[in-house]
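# Examination of the molecular architecture
Next come the chains, spelled out residue by residue.
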Amino acid sequence: MEGKLTVYFDDPFWVGVFERCDVGKLSVCRVTFGAEPTDCEVYGFALRHWDELPFSKAIEAEKRKTADNPKRRQRNARKQMAQKGIGTKSQQALQKQLEENKLERKVRTREEKQEEAKRLFELKQQKKKEKHKGR
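Below is a short write-up of the structure.

The rules behind each value
Residues numbered from 1 in each chain as written. Predicted model: local features only at pLDDT ≥ 70, side-chain atom pairs only at ≥ 80, totals over all residues. Heavy atoms only, no water. Helix = DSSP H or I, 4+ residues; strand = E, 2+ residues; numbered from the N terminus. Rg over C-alpha atoms; globule rule 2.2 N^0.38 Å. Buried < 20%, exposed > 50% of the residue type's maximum accessible area, 1.4 Å probe, protein only. Contact = heavy atoms within 4.5 Å. Areas by Shrake-Rupley, 256 points an atom, 1.4 Å probe, with all protein chains shown as cover. Lys, Arg positive; Asp, Glu negative; His and termini not counted. Charge placed at Lys NZ, Arg CZ, Asp CG, Glu CD. Pairing = 2+ DSSP bridges. Disulfide = S-S within 2.5 Å. Core = buried A, V, L, I, M, F, W, Y, C linked by side-chain atoms within 4.5 Å. Phe/Tyr/Trp six-rings, centres within 6.5 Å; stacked < 30°, edge-to-face > 60°. Expected span 1.5 Å × (residues − 1).

Across its full length, the protein chain holds three helices and four strands. From first element to last, N terminus to C terminus, the protein chain shows the α and β order β-β-β-α-β-α-α. Against the 2.2 N^0.38 benchmark of 14 Å for 135 residues, the protein chain shows a C-alpha radius of gyration of 24 Å, more extended than a compact globule. Considered along the principal axes of its C-alpha atoms, the protein chain spans approximately 95 × 35 × 25 Å. Across the 135 residues in the protein chain, those meeting the buried criterion constitute 22%. Partitioning the contacts of the protein chain with sequence separation of at least 6, the portion at a separation of at least 24 is 50%. A total accessible area of about 11400 Å² is found for the protein chain, and carbon and sulfur atoms account for 51% of it. Considering the protein chain, the positive charge centre built from 33 side chains and the negative charge centre built from 22 side chains are found 5 Å apart.

Here is the structure:
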């Protein structure tokens, strides 16, 4: 398993995107930090909350083999530091997670509305019966 965290400024908040790659599957989670977090705060957050993070469902992602050449690794690290934002695969996974959450929320609110309507109907029926008890 391989993990990666990208922290960037998405006006007006600082956002962290956790990427988890496991056997060619990519899962992503977006966390809003608020004010600019220090390195130790980010590290502490990752250690404390890694198990609780709501990662998206895994999508296919090919794993690129990195060279063992230290100069190349340093060059790649510098290139990643210069990048703003996150990769396209991660963005796709985040978008998919947002859509799934939206569908779940719609279903849940629809069920809650139906239950409330049913409760109100039963209350109205009960009041009607109580009115006619004396006859």
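Moving on from the coordinates now.
Of the strand pairs in this sheet, strand β1 (residues 2–10) and strand β2 (residues 13–22) are connected by nine bridges, and their pairing is antiparallel. Bridged to D10 within β2 is F13. The hairpin turn running from β1 into β2, its antiparallel successor, is two residues long.

As enumerated under the stated definition, the model contains zero disulfides in all. Between C21, a cysteine without a disulfide, and C29, which holds the nearest cysteine sulfur, the sulfur-to-sulfur distance is 16 Å. Take C21: its relative accessible area is 19%, and that puts it in the buried class.

Let us now look at the nonpolar core. Grouped together as the largest cluster of nonpolar side chains are nine residues: Y8, V15, V17, L26, V28, I59, A61, A93 and L94. Those elements that place two or more of their residues in this core are β2, β3 (25–34) and α3 (88–131). Ignoring anything within four residues of it in the chain, the contact list for A93 reads V28, S56 and I59. If you look at the next biggest cluster of nonpolar residues, it comprises seven residues, including C29, A46, L53 and F55.

Attention now goes to the packing of aromatic side chains. Enumeration according to the criterion identifies five aromatic pairs in this entry. Consider the rings of F33 and F45, whose centres lie 5.4 Å apart with planes at 80 degrees: the pair is edge-to-face. Residue F33 is located in strand β3, and its partner F45 is located in helix α1 (residues 39–49); the two are separated by 12 residues in the primary sequence. Residue classification places F45 among the buried positions, given a relative accessible area of 18%.

Counted at 1.5 Å a residue, the expected span for α3 with its 44 residues is 64 Å, and the 64 Å between its end C-alpha atoms agrees. Taken as a whole, α3 has its buried residues at S90, A93, L94 and Q97. Packed against the buried residues of α3 are β2, β3 and β4 (59–60).

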